[in-house]
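# Structural overview
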Protein chains: 4
Amino acid sequence: MAQPFVTRIRARYCETDASGIVYYNSYFVYFELGRVEMFRELGLPYDWRLPIADAACRYHASARFDDLLEIHSFVEEIRSCGFRIGHRVFRVDETEAAAEPTLLVEGHTSMVTVGDDRRPTPLPEAFRAALDAVA
Amino acid sequence: MAQPFVTRIRARYCETDASGIVYYNSYFVYFELGRVEMFRELGLPYDWRLPIADAACRYHASARFDDLLEIHSFVEEIRSCGFRIGHRVFRVDETEAAAEPTLLVEGHTSMVTVGDDRRPTPLPEAFRAALDAVA
Amino acid sequence: MAQPFVTRIRARYCETDASGIVYYNSYFVYFELGRVEMFRELGLPYDWRLPIADAACRYHASARFDDLLEIHSFVEEIRSCGFRIGHRVFRVDETEAAAEPTLLVEGHTSMVTVGDDRRPTPLPEAFRAALDAVA
Amino acid sequence: MAQPFVTRIRARYCETDASGIVYYNSYFVYFELGRVEMFRELGLPYDWRLPIADAACRYHASARFDDLLEIHSFVEEIRSCGFRIGHRVFRVDETEAAAEPTLLVEGHTSMVTVGDDRRPTPLPEAFRAALDAVA
């Protein structure tokens, strides 16, 4: 597996639900935050010409308000007209620096490169090269 | 006060927070749902040429997941380049049909009519007439 | 496939994003609305003792603000300690009553029955029977 | 006016709407982020015993996806059973370091201290002292 790009955030109050934990669709926001920072570091544009084709998440443990979270994002697959990014979200233990982060969820999002007509178009060469370098 | 336009919804799980009640900014979504249905009934367009100038909400009681809510929206003021809509959200008691709904919050949103340059422009006459008829 | 439970909603303005279409994680809210109504019809409780184990969505076409959407939910699989619900979201053509709805997304959510200690516990018999009757 | 507590964030894609700008209720999330960080710095707890009594926002300019935002939060008023926090959100110009930040919105949130019975209770003395020191 590729070296992941890592982003840290805190779980927001508005992201929790009445069961006291972070609502299940908030992780897809976290996945996007990871992608955005990954693209920033790679110097790639993040825009509507990259619609999402599929997304999935497996839930292992839950997060609570104000938990310090670490979002790991990495290139899972490069395709002719898109690519798939893998994601893992961990909770960082703030009381014991030596503790291993706890894996909360893992998932992926697949994106398709589209043209102005919103139809799939081959992944631009510069894009492919940038992803390839970190895959 | 004008006769309000009434819309009914149920509080969604994603709208609650870890304190077990509906998160405070969800009411601004409810206000918008009320405005959208009010505009639909009045035959007015609901689009980006109506940016929000200010919004406010006073919280009296809280809602929980799946509560049946009634959103009341009414014209509070018609201005030269916009208008102000008042909102009240009530919880409907589903166990006792005779019970009065409980007022949860009241607030308002002011909207400004803007042109393609996004600068304030006088409220179109047809718009004014439609609002005036229900104010 | 089982007969789906059908819920109708309109896409909310707050659910759209800057690309002009409904944001990808909003569909997981729609999936939940479908589950909630399905459970209501089946007389089953909808609470925190049913955490989500995994969720996935494939995106075929997009929805815009105020589109009329139809959420189909159906039992896909009954397991020893949980079950999997399938979901499809369609856009209803409001101008041509005869038109077929357009499939926008399809996905699923798996839920696990847990006890007060939040550990998996066998699906209660009444729960299994209710799901079985519509699977 | 008191010296504000300052928090920086980036506007998230999920916070934008179909008009291309940050949705109006997202600013109440930003206000809360400002309050949470302010309370963290003051060593005060942030929990359900501080329900929101009212909230308001005036919109001057809009934010777009990925804009760098600065949230300013400050004590506006200390009351017998609560207090009012003022908020301002600015957009930071990342291309010209010398440029003044642009004021996007200003608003406030009032919070009430409540007891276990959820009724108003006097602001604890330590709480009052901490707020007083920065008011």
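Residues numbered from 1 in each chain as written. Chains lettered and ligands numbered in written order. Predicted model: local features only at pLDDT ≥ 70, side-chain atom pairs only at ≥ 80, totals over all residues. Heavy atoms only, no water.

Taken residue by residue, chain A gives an average pLDDT of 95. The fraction at 70 or more is 99%. Both confidence scores are given for the complex: pTM 0.97, ipTM 0.95. (pLDDT = per-residue confidence, 0-100.)

On the side of chain C, eight residues touch chain D, which itself brings eight residues to the contact. Where chain D abuts chain C, roughly 760 Å² becomes buried across the two surfaces, and 65% of that area is made up of carbon and sulfur atoms. Of all residues in chain D, the largest losses of buried area upon contact with chain C belong to Tyr 13, Ala 18 and Tyr 23 of chain D, amounting jointly to 56% of the total for that side. On inspection of chain D and its partner chain C, the count reaches zero salt bridges. Inspection of the region where chain D meets chain C yields six residue pairs in polar contact (both at pLDDT 80 or more). Considering only residue class, the side of chain D that touches chain C consists of four nonpolar, three polar and one charged. (Contact = heavy atoms within 4.5 Å. Buried area = accessible area lost by both parts, 1.4 Å probe. Salt bridge = Lys/Arg side-chain N within 4 Å of Asp/Glu carboxyl O. Polar contact = N/O pair within 3.5 Å; in protein donor to acceptor, adjacent residues only side chain to side chain. Nonpolar A, V, L, I, M, F, W, Y, C, P; charged D, E, K, R; others polar.)

With that out of the way, let us pick up helix α2 (residues 125-132) of chain B. Residue and element names in this part refer to chain B. Every buried residue belonging to α2 is among Phe 127, Ala 130 and Leu 131, and all of these are buried. Buried residues of α2, viewed axially, fall in a sector of 95°; they line one side. Opposite the buried face of α2, by more than 90 degrees, sit the exposed residues Glu 125, Ala 126 and Asp 132. Against α1 (26-42), β3 (68-79) and β4 (82-91) lie the buried residues of α2. (Buried < 20%, exposed > 50% of the residue type's maximum accessible area, 1.4 Å probe, protein only. Helix = DSSP H or I, 4+ residues; strand = E, 2+ residues; numbered from the N terminus. Arc of directions from axis to C-beta.)

We now examine the state of the cysteines. In the structure shown here, the tally under the stated rule is zero disulfides over all chains. Cys 57 of chain A carries a free sulfur, and the closest cysteine sulfur to it, the one in Cys 57 of chain C, is 13 Å from it. No disulfide involves Cys 14 of chain D; its nearest neighbouring cysteine sulfur is the one of Cys 14 of chain A, lying 8.4 Å away. (Disulfide = S-S within 2.5 Å.)

With that settled, consider the relation of the copies chain C and chain A. The transform that puts chain C on chain A rotates by 180° and translates by 0.0 Å along the axis, for an RMSD of 0.0 Å. The superposition of one copy onto the other is thereby described by a two-fold rotation axis. When C-alpha distances to the rotation axis are compared across chain C, the minimum falls at Ala 56 of chain C, with a value of 2.0 Å. Most of the interface of chain C is mirrored in chain A, where 100% of its interface residues are also at the interface. (Least-squares fit on C-alpha atoms with pLDDT ≥ 70 in both.)

Summed over all chains, the structure comprises 58 aromatic pairs over all chains. A centroid spacing of 4.9 Å and a plane angle of 80° characterise the contact between Tyr 13 of chain A and Phe 65 of chain A, whose relative ring orientation is edge-to-face. Taken together, the positions of Tyr 13 of chain A in the loop between β1 (5-10) and α1 (26-42) and Phe 65 of chain A in the loop between β2 (52-59) and β3 (68-79) put the pair 52 residues apart, joining distant regions of the chain. Exposure remark for Tyr 13 of chain A: the relative accessible area of 11% places this residue in the buried category. Summarising the aromatic geometry, the rings of Phe 65 of chain B and Tyr 46 of chain C are spaced 5.9 Å apart at their centres and angled 45° between planes, so their arrangement reads as tilted. Taken as a pair, Phe 65 of chain B in the loop between β2 (52-59) and β3 and Tyr 46 of chain C in the loop between α1 (26-42) and β2 (52-59) lie in two separate chains rather than in one. With a relative accessible area of 15%, Tyr 46 of chain C lands in the buried category. (Phe/Tyr/Trp six-rings, centres within 6.5 Å; stacked < 30°, edge-to-face > 60°.)

Next up on the list: the sheet that holds strand β2 (residues 52-59) of chain D. Spatially, β1(B)-β3(B)-β4(B)-β5(B)-β2(B)-β2(D)-β5(D)-β4(D)-β3(D)-β1(D) is the arrangement adopted by the 10 strands of the open sheet, whose pairing is antiparallel. Both edges of this open sheet fall to β1 (5-10) of chain B together with β1 (5-10) of chain D, since each of them pairs with a single strand only. Neighbour to neighbour, the strand axes of the sheet diverge by 20° on average, direction disregarded. Pairing between β2 of chain D and strand β5 (residues 102-112) of chain D: seven bridges, direction antiparallel. Along β5 of chain D, the bridge assignment pairs Ala 55 of chain D with Thr 109 of chain D. (Pairing = 2+ DSSP bridges. Axes fitted to C-alpha atoms, helices over the stretch in contact; angles between N-to-C directions.)

Attention now moves to the interface of chain C and chain A. When the parts come together, some accessible area is lost, and that loss is often what is quoted as the size of the interface. With 21 residues of chain C at the contact, the number on the chain A side is 21 residues. When the area that chain C buries against chain A is broken down by residue, the three leading residues are Tyr 24, Asn 25 and Phe 28 of chain C, summing to 29%. There are zero salt bridges connecting chain C and chain A. Connecting chain C to chain A are 11 residue pairs in polar contact (both at pLDDT 80 or more). Secondary structure elements with two or more residues in the side of chain C that touches chain A: α1 and β2 of chain C. For the side of chain C that touches chain A, the element with the highest residue contribution is β2 of chain C, accounting for eight residues. Looking at the side of chain C that touches chain A residue by residue, the classes come out as 12 nonpolar, three polar and six charged.

The next thing to look at is empty space enclosed by the protein. Under the criterion given, the structure shown has two cavities of 30 Å³ or more. In this structure, the largest cavity occupies an estimated 740 Å³ of space. Around the largest cavity, the lining comprises 31 residues; the ones closest to its centre are Cys 14 of chain A, Cys 14 and Asn 25 of chain B, Cys 14 of chain C together with Cys 14 of chain D. For the lining of the largest cavity, the elements supplying multiple residues, two or more each, are α1 of chain A, α1 of chain B, α1 of chain C together with α1 (26-42) of chain D. Here the lining of the largest cavity is built from residues that sort into 12 nonpolar, 11 polar and eight charged. (1 Å grid on protein atoms, 1.4 Å probe; cavity = no way out; pocket = protein on both sides within 12 Å on 5 of 7 lines; lining within 4 Å. Points joined across faces, edges and corners; volume = space filled by probe spheres on them.)

Moving on to the nonpolar core. The biggest cluster of nonpolar side chains holds 77 residues, and the ones touching the most others in it are Tyr 27 and Tyr 30 of chain B together with Tyr 27 and Tyr 30 of chain D. Apart from the residues within four sequence positions on either side, Tyr 30 of chain D is in contact with Ile 9, Ala 11, Arg 12, Glu 15, Val 22, Leu 69, Ile 71 and Val 89 of chain D. Leu 69 and Ile 85 of chain A together with Ile 71 and Met 111 of chain C belong to the second-largest nonpolar core, a separate cluster that totals 76 residues. (Core = buried A, V, L, I, M, F, W, Y, C linked by side-chain atoms within 4.5 Å.)

It is worth spelling out the pattern of salt bridges at this point. For the coordinates displayed, the defined rule picks out 48 salt bridges over all chains. Residue Arg 10 of chain B is joined to Glu 94 of chain B by a salt bridge in which the shortest nitrogen-to-oxygen separation is 2.8 Å. Highlighted residues: Arg 10 of chain B in strand β1 and Glu 94 of chain B in the loop between β4 and β5 (102-112), separated in sequence by 84 residues. According to the relative accessible area criterion, Arg 10 of chain B is partly exposed, its value standing at 24%. Across the pair Glu 77 of chain B and Arg 79 of chain B runs a salt bridge whose closest N-O atoms are separated by 3.3 Å. A relative accessible area of 30% means that Arg 79 of chain B is categorised as partly exposed. It is possible to trace a salt-bridge network through shared partners that takes in Glu 37 and Arg 40 of chain A together with Asp 66 of chain D.

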